[in-house]
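Close look at the chain arrangement
The primary structure of each chain is shown beneath.
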Amino acid sequence: MSISHADTACTRDSLSRLDRRAPGKPFLSRTARCCLLLATLLGLSVVKAGPPVLLIHGGAGTLVRDQMSAETEAEIRRTLGLALREGQQVLASGGSAEAAVITSIRVLEESAHFNAGKGAVYDADGGHQLDASLMRGRDRAAGAVAGVRTIRSPILAAQAVMNASPHVLLSGEGADRFAREKKLEQVDNHWFDTPLRLQQFQEWKEKSAATSADTTEAVRRGLLPADRLYGTVGAVALDQSGNLAAGTSTGGMTGKRWGRIGDSPIVGAGTWADSDCAVSSTGHGEYFIRLGLAQRICNRVAFQGLSIAAAADQVIGTELTELGGTGGVIVLGRDGGFAQRFNTAGMYRGWIDAEGNLEVAIYADEHDPD
Ligand code: ASP
């Protein structure tokens, strides 16, 4: 189900205020009556939505309408909706935020449309090295894997590091070995191959040979389009006990070399959750690491008293942009505040409330009600 919004600033606020009305107050406030009347007159259907309990992203970049077929776009929107619904069902049945984050990310990892799990980008040697991290806000437990090659679901491996090892971050062959010991499903590295990513890898090889710039430099100089490189997936969730969790999973950036590790498995950069605020990021990882971006947003909320939306605006709109980085975040607060912010042309994204009302969006000009 998707939420139809009357495109008026008052709609969602007014409707959610109805739920919090004091006893004895009229059922509909004047503002809400005005909004409903306006929506009715405009022929728009209005669905009451509560605050989100789960947000997801599938990467940010130069996502523009005429570069994506209608079928691909529909398929991507369907998959985002499925990831939201499956995660929300976990929450609705009393499951933890951690379990909901894992459930949603698993759906996206299994989809070839996103740069995580199946469909991961190629590294400079023509293989795949995957990264993931998970953090639980309540006790700040965290787990991550970096540069893994044979684990079908890197986010499950991150969860195993968090819950069944004394460590936070395992890398490379050691992380693959750990996952085998934990009986997590293994696949051949070619299992992650997809024709689209192969084509992008070949384009990268031609361009990088011609420019002799590495991936980071090529993106910075605008020689490689960012959308060809980003596509990480992530989720943030709030469970019925008021606990938050965040997770992120990625293939990294096309053409990465020398054991490069991006922000996605770095707690504080790609992923962060504390008791009040949870973040998952996507974008040019080097900049996110240099800013400690995910934790930086939550610190602005905790120490400066900013709202979730204002903190995300400041860090993405000002700090990341001024540093020259590109990408986006999803942020969820315990108080129901949330934000989906990016400084690229689009970001695959969506949110769902406790009742299952959901919204999915891709382009920057789509309505974001936060
Ligand atoms: N942040 C990821 C990285 O730098 C890339 C992405 O978001 O797609 O590895």
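These notes cover the structure that comes with them. Note that this is a predicted model, so its numbers are computed, not measured. (Residues numbered from 1 in each chain as written. Predicted model: local features only at pLDDT ≥ 70, side-chain atom pairs only at ≥ 80, totals over all residues. Heavy atoms only, no water.)

**Some words on the sheet that holds strand β12 (residues 358-363)**
Overall, mixed pairing links the 8 strands, which are arranged β4-β3-β2-β6-β5-β1-β11-β12 in an open sheet. Edge strands, defined here as strands with exactly one partner in the open sheet, are β4 (169-171) and β12. The mean angle between the axes of side-by-side strands here comes to 5 degrees, regardless of whether they run parallel or antiparallel. Bridging between strand β2 (residues 130-136) and strand β6 (residues 244-250) involves 6 bridges; their strand directions are antiparallel. Across the sheet, Ser-133 pairs through a bridge with Thr-248, a residue of β6. (Pairing = 2+ DSSP bridges. Helix = DSSP H or I, 4+ residues; strand = E, 2+ residues; numbered from the N terminus. Axes fitted to C-alpha atoms, helices over the stretch in contact; angles between N-to-C directions.)

**Topic: the environment of Gly-247**
Note that Gly-247 resides in strand β6. Ignoring sequence-local partners within four residues, the contact set of Gly-247 consists of Val-101, Ile-105, Ser-133, Leu-134, Ile-155, Val-233, Gly-234, Ala-235, Thr-271 and Ser-280. (Contact = heavy atoms within 4.5 Å.)

**So, the side chain of Thr-232**
Topologically, Thr-232 is positioned in the loop between α8 (215-220) and β5 (233-238). Separated by 2.6 Å, the side chains of Thr-232 and Thr-250 make a polar contact. Setting aside anything within four residues of it in sequence, one finds Thr-232 in contact with His-57, Gly-58, Gly-59, Asn-115, Thr-248, Ser-249, Thr-250, Ser-264, Ser-281 and Thr-282. (Polar contact = N/O pair within 3.5 Å; in protein donor to acceptor, adjacent residues only side chain to side chain.)

**Let's talk about the site of the ligand**
Around the ligand sit 14 residues in total, of which Gly-231, Thr-232, Asp-263, Thr-282 and Gly-283 are the nearest. Contact between the ligand and Thr-282: an oxygen atom at 2.7 Å from a side-chain N or O atom of the residue. Contact between the ligand and Gly-283: a nitrogen atom at 2.7 Å from a main-chain N or O atom of the residue. In isolation the ligand has 270 Å² of accessible area, and contact with the protein removes 100% of it. Classifying every residue of the shell around the ligand gives 3 nonpolar, 9 polar and 2 charged. (Near = heavy atom within 4 Å. Areas by Shrake-Rupley, 256 points an atom, 1.4 Å probe, with all protein chains shown as cover. Nonpolar A, V, L, I, M, F, W, Y, C, P; charged D, E, K, R; others polar.)

**Some points on the packing of helix α10 (residues 293-304) against helix α11 (residues 308-323)**
Interaxial distance between α10 and α11 falls to 9 Å at its minimum, and their mutual angle equals 135 degrees. As judged from the angle between their axes, α10 and α11 are oblique. Handedness of the crossing formed by α10 with α11: right-handed. The residues of α11 that touch α10, namely those facing Leu-293, Arg-296, Ile-297, Arg-300, Val-301 and Gln-304, are Ile-308, Ala-311, Ala-312, Gln-314, Val-315, Ile-316, Glu-319 and Leu-320. Tallied by class, the residues present in the contact of α10 with α11 amount to 9 nonpolar, 2 polar and 3 charged. (Parallel < 35°, antiparallel > 145°, perpendicular 65-115°, else oblique. Left-handed = near helix turned anticlockwise from the far one by under 90°.)

**Describing helix α4 (residues 97-110)**
When the terminal C-alpha atoms of α4 are compared, their 20 Å separation across 14 residues agrees well with the 20 Å that a helix rising 1.5 Å per residue should span. Among the 14 residues that make up α4, 10 are buried, leaving the element largely enclosed by the rest of the structure. If you check which residues of α4 are buried, you get Ala-97, Glu-98, Ala-100, Val-101, Ile-102, Ser-104, Ile-105, Val-107, Leu-108 and Glu-109. For α4, the elements touching its buried residues are β1 (52-61), α3 (70-92), β2, α5 (154-164), β5 and β6. (Expected span 1.5 Å × (residues − 1). Buried < 20%, exposed > 50% of the residue type's maximum accessible area, 1.4 Å probe, protein only.)

**Quick notes on the pattern of salt bridges**
Tallied over the full model, the rule gives 15 salt bridges. The partner of Glu-73 in a salt bridge is Arg-77, and the shortest N-O contact between them spans 3.0 Å. Placement of the pair is Glu-73 and Arg-77 together in helix α3, with a separation of 4 residues, close to one helical turn. Exposure remark for Glu-73: the relative accessible area of 17% places this residue in the buried category. Arg-77 gets classed as partly exposed once you look at its relative accessible area, which sits at 23%. A salt bridge links Glu-110 to Arg-106, with the shortest nitrogen-to-oxygen separation between them at 3.3 Å. Here the residue Glu-110 and the residue Arg-106 both occupy positions in helix α4, the gap between them amounting to 4 residues, near one helical turn. Residue classification places Arg-106 among the partly exposed residues on the basis of a relative accessible area of 23%. (Salt bridge = Lys/Arg side-chain N within 4 Å of Asp/Glu carboxyl O.)

**Side note on the pairing of β6**
Burial of β6 is extensive: 7 of the 7 residues sit out of reach of the surface. As paired strands, β5 and β6 are joined by 6 bridges and run antiparallel to one another. Bridge assignment links Gly-234 to a residue of β6, and that residue is Thr-248. Once β5 ends, the chain turns through 5 residues before running back antiparallel as β6, passing Gly-242 with a positive phi of about 85 degrees.

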